[in-house]
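Structure assessment
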Amino acid sequence: MRSVNSLDAVLAPRLAEQRARVRYRQRHTTGGVGPRVRRDGRDWLNVCSNDYLGLAGDPRLAEALAVGARRFGVGGGASHLVCGHSEAHEALERRLAAWTGCERALLFSSGYQANLGVISALLGRGDIALHDRLNHASLLDGTRLAGARLERFTHGDAAACETRLAALGSGRRRLVISDGVFSMDGDCADLNALVTHCERHDAWLMVDDAHGLGVLGEHGAGTREAQGLAPGRVPILVGTLGKALGTHGAFVAGSETLIEALIQFARPYVYTTSLSPALAWATLTSLDIVRDEPERRAHLQALIARFRQHSADLAEVGLSPLPSATPIQPLQIMQHGEGANEATALALAQALEARGIWCSAIRPPTVPVGSARLRITLSAAHELADIDRLGEALHDAARQVIGQGGAVVAPRAPA
């Protein structure tokens, strides 16, 4: 007989509860990347990828990856501090530093590792991490790993951040942490104000610009460039390579002293095998494309404007478009009550699937309770016709799923 304390016996009720709360998540296996993908034997219009510039499937990156693998190998072979730091890594770090206007950059194997590494290297017990309330989970987990005290300020409210800084006083290390572009809402932090407040109160500032780099700014240098903030004014900048740049991995950019400190003290860097040197080599080609093809960003902005036109009247059918000028275009469910938002978001996603459109339903704990949504993300690889198709499908799906009084109607079965 299986013990009541066996692994399966303990985990099964947790899974059942997840299903009951309409928060159970499932994977889908695809046959590629891009705005049109093959999944479950069908073709789909994909509007839930973070491939903002359409580079993940670019043949130039595939060729650069193959060249890098032949020249440097596929695997890093060891951590950077043993023998895994290749010429490809070194070249990419130099390019990333120049692109972001910082003295140096340091590669990590993922954005999650970068955030864990930075915060745990800079803070310890007794120190304070002051977060925007909607920061990414990896930033919160980095604070927990550091053992620092976690404080929060109202989302997007730089004045509230300053008020909290003033109340916290001096004498302890204080790190203000914010996303550049918020992954679930698509809005941007006011970096100019945050920089000013941190300098005034002698606090450090860390910005995770995973969703801004490559997309925003004249040269794609991210939220800092788009807001006219001089290079180097953000002392700790984190970026990922697996979104707009289309490859994999992450980096931290900042001063010479910061990077040397991370090399010494960031445990997720010290004790991890280095990023594939072939991927590092391919990312150099990504940076070339970001520099040489500004028309990708211009086309993306045209797609965003077109989608905003389609979504302007979605409130009439129960969906609330959040204010966003980025490729992240969330549609929040205008229903309330325990589980109502989650169930409606899932039903809407299923209704879109019946129309051949793949769009993720985002539910707690990824977003706060009562704020479930469809998270639509646009790519420079989309066409205006794709946006028109999506807009029509959203109106039809919302009318189908959200009935009188906000009742949820079961969607049609997939064709």
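Basis of the calculations
Residues numbered from 1 in each chain as written. Predicted model: local features only at pLDDT ≥ 70, side-chain atom pairs only at ≥ 80, totals over all residues. Heavy atoms only, no water. Pairing = 2+ DSSP bridges. Helix = DSSP H or I, 4+ residues; strand = E, 2+ residues; numbered from the N terminus. Salt bridge = Lys/Arg side-chain N within 4 Å of Asp/Glu carboxyl O. Buried < 20%, exposed > 50% of the residue type's maximum accessible area, 1.4 Å probe, protein only. Contact = heavy atoms within 4.5 Å.

**Quick look at the sheet that holds strand β12 (residues 357–358)**
Read across the open sheet, the three strands follow the order β1-β2-β12; overall the sheet is mixed. Of all the strands in the sheet, just β1 (36–39) and β12 have a single pairing partner and so form its edges. Both strand β2 (residues 42–46) and β12 contribute to a ladder of two bridges, which runs parallel. Paired with Asn46 across the two strands is Trp358, which belongs to β12.

**Description of the pattern of salt bridges**
With the rule as written, the count across this model stands at 26 salt bridges. Linking Glu87 and Arg71 is a salt bridge whose minimum nitrogen-to-oxygen distance equals 3.9 Å. Of this pair, Glu87 sits in helix α4 (residues 87–100) while Arg71 sits in helix α2 (residues 59–72); the two residues are 16 residues apart in sequence, bridging distant segments of the chain. Comparing Glu87 with Arg71, the two get one shared label, exposed.

**Concerning the environment of Leu139**
Along the chain, Leu139 turns up in helix α6 (residues 137–146). In the structure, Leu139 is positioned 24 residues away from Asn115 in sequence and 5.7 Å away in space, judged by C-alpha atoms. If sequence neighbours within four positions are ignored, Leu139 has contacts with Asn115, Ile119, His131, Ile177, Asp179, Met206 and Asp208.

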